[in-house]
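# Structure assessment
Here's the letter readout for the chains.
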Amino acid sequence: GQQVMQIPQYQHVQEGEDFTTYCNSSTTLSNIQWYKQRPGGHPVFLIQLVKSGEVKKQKRLTFQFGEAKKNSSLHITATQTTDVGTYFCAGRIQGAQKLVFGQGTRLTINP
Amino acid sequence: ETGVTQSPTHLIKTRGQQVTLRCSSQSGHNTVSWYQQALGQGPQFIFQYYREEENGRGNFPPRFSGLQFPNYSSELNVNALELDDSALYLCASSFLNEQFFGPGTRLTVL
C-alpha cells in the first residue's frame with residue numbers, strides 16, 4: 001500500500017544545534033504537508049509544499065520538496081526549547097483524497 | 001486555537017459496544033476528515049466528508065462510519081468496538097488545503 005516513511009524516529013539535540021527530519025514516499029505525491037504536535041496536543045499545520053523542488057522558509061524552519069515529488073525534509077536551525085514536539089509529514093497521493101502521515105520524528109532538546 | 005471542537009474529550013467503553021464521537025468545524029469549512037492516532041504513531045486517515053458525502057476512505061472496516069451535517073458538525077461512529085480501537089480520534093476541517101485539527105477524543109476500550 002501507499003506508505004510515507006519518516007526518519008529518524010527520535011532525535012535528541014542540545015539547544016542551539018540544528019535538526020533535520022526526512023520523509024520518503026513510495027509513490028509520487030501531489031503535495032506534502034508538515035505538522036507539529038506537542039506532547040498531549042493535536043497536530044498543528046505548519047506548511048504545504050506543492051511544486052517539484054519547492055523550498056519554503058518560516059523563520060528558522062526550512063522545508064523542501066524533492067524534484068520527483070517523493071521526498072521532503074524539514075530543517076530547523078539553532079533549535080530552541082520551544083521546538084520540542086513531534087514533527088509529521090503528510091503526503092497527499094496523486095489522484096486520491098487521503099492524506100498519508102509519516103510516523104513522525106520526536107524532537108527533544110537539552111537546554 | 002483552530003476553532004475545531006470535539007466531544008467528549010475522553011471516553012471508556014467495553015468490547016462490543018458502540019461509540020459516537022462528535023466534531024464541530026469552523027463555519028465555511030465544508031470538508032472534514034477523521035483520523036485515528038495510536039500512541040506513538042502518526043494519524044491514520046479514516047475517511048473524509050465533503051458537503052455531507054463521503055469522498056475518500058482509508059483502510060478501515062465498515063464498522064467505522066460517519067456523518068456530516070449542514071451546520072459543519074460531523075460524527076464518527078464505531079460499532080462492535082475492539083481493544084485495538086483504543087486511540088486518539090482526531091477530526092480536521094479543511095479550507096484551501098490547510099487542515100485544522102481538533103483536540104481529539106481519547107477512546108479507551110476495555
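Preceding this section is the structure that the text describes.
An account of the accompanying structure is given in this report. (Residues numbered from 1 in each chain as written. Chains lettered and ligands numbered in written order. Predicted model: local features only at pLDDT ≥ 70, side-chain atom pairs only at ≥ 80, totals over all residues. Heavy atoms only, no water.)

## Concerning the packing of aromatic side chains
According to the stated counting rule, one finds 12 aromatic pairs over all chains in the structure shown. Between Y35(A) and F101(B), the aromatic rings sit 5.5 Å apart at their centres with planes inclined by 85°, giving edge-to-face as the arrangement. Taken as a pair, Y35(A) in strand β4 (residues 29–37) and F101(B) in strand β10 (residues 98–101) lie in two separate chains rather than in one. With 6.2 Å between their ring centres and 75° between their planes, F88(A) and F101(A) make a pair best called edge-to-face. Taken together, the residues F88(A) in strand β9 (residues 85–93) and F101(A) in strand β10 (residues 99–101) connect sequence positions 13 residues apart. Neither F88(A) nor F101(A) differs from the other in exposure class; each is buried. (Phe/Tyr/Trp six-rings, centres within 6.5 Å; stacked < 30°, edge-to-face > 60°. Helix = DSSP H or I, 4+ residues; strand = E, 2+ residues; numbered from the N terminus. Buried < 20%, exposed > 50% of the residue type's maximum accessible area, 1.4 Å probe, protein only.)

## Some points on the environment of A92(B)
Residues and elements named next belong to chain B. Considering the arrangement of structural elements, one finds A92 in strand β9 (residues 87–95). For A92, a relative accessible area of 0% corresponds to the buried category. The spatial distance from the C-alpha of A92 to the C-alpha of S25 is 7.7 Å, given a sequence separation of 67 residues. Setting aside chain neighbours within four positions, we find A92 in contact with T31, V32, S33, Y35, Q99, F100 and F101. (Contact = heavy atoms within 4.5 Å.)

## Some details on the sheet that holds strand β8 (residues 73–78) of chain B
Residues and elements named next belong to chain B. Pairing within the open sheet is antiparallel, and its 4 strands lie in the order β1-β3-β8-β7. Of all strands in the sheet, those with a lone pairing partner are β1 (5–7) and β7 (64–68), marking the two edges. Looking at each pair of strands side by side, their axes are set apart by 20° on average, direction ignored. Summarising the sheet, β7 and β8 pair through 5 bridges and their orientation is antiparallel. Directly across from L67, in β8, lies its bridge partner E75. (Pairing = 2+ DSSP bridges. Axes fitted to C-alpha atoms, helices over the stretch in contact; angles between N-to-C directions.)

## Quick look at the environment of S25(B)
All names here are of chain B. Along the chain, S25 turns up in the loop between β3 (19–24) and β4 (31–37). Distance from S25 to F101, taken between C-alpha atoms, is 9.2 Å for residues 76 residues apart in sequence. Ignoring any residue separated from it by four or fewer positions in sequence, one finds S25 in contact with G3, V32, Y72 and S93.

## Description of the nonpolar core
One finds W34(A) and F63(A) to be the most contacted residues of the largest nonpolar core, which totals 21 residues. The set of elements that each furnish at least two residues to this core consists of β3 (19–25), β4, β5 (44–49), β7 (61–65), β8 (71–76), β9 and β11 (105–110) of chain A. Here F63(A) is in contact with W34(A), L46(A), I47(A), L49(A), E54(A), V55(A), K56(A), Q58(A), S73(A) and L74(A), once residues within four sequence places are set aside. Judged by nonpolar contacts, the second largest core, of 19 residues, contains V4(B), V19(B), F47(B) and L76(B). (Core = buried A, V, L, I, M, F, W, Y, C linked by side-chain atoms within 4.5 Å.)

## What to know about the sheet that holds strand β1 (residues 4–7) of chain A
All names here are of chain A. If you trace the 5 strands from one edge of the open sheet to the other, you get β1-β3-β8-β7-β6, paired in antiparallel fashion. Two strands bound the open sheet, and with one partner strand each, they are β1 and β6 (55–58). Taken pair by pair, the neighbouring strands of this sheet meet at an average axis angle of 15°, ignoring direction. Pairing of β3 with β8, which is carried by 6 bridges, proceeds in the antiparallel orientation. Across the sheet, residue F19 finds its bridge partner in β8, namely I76.

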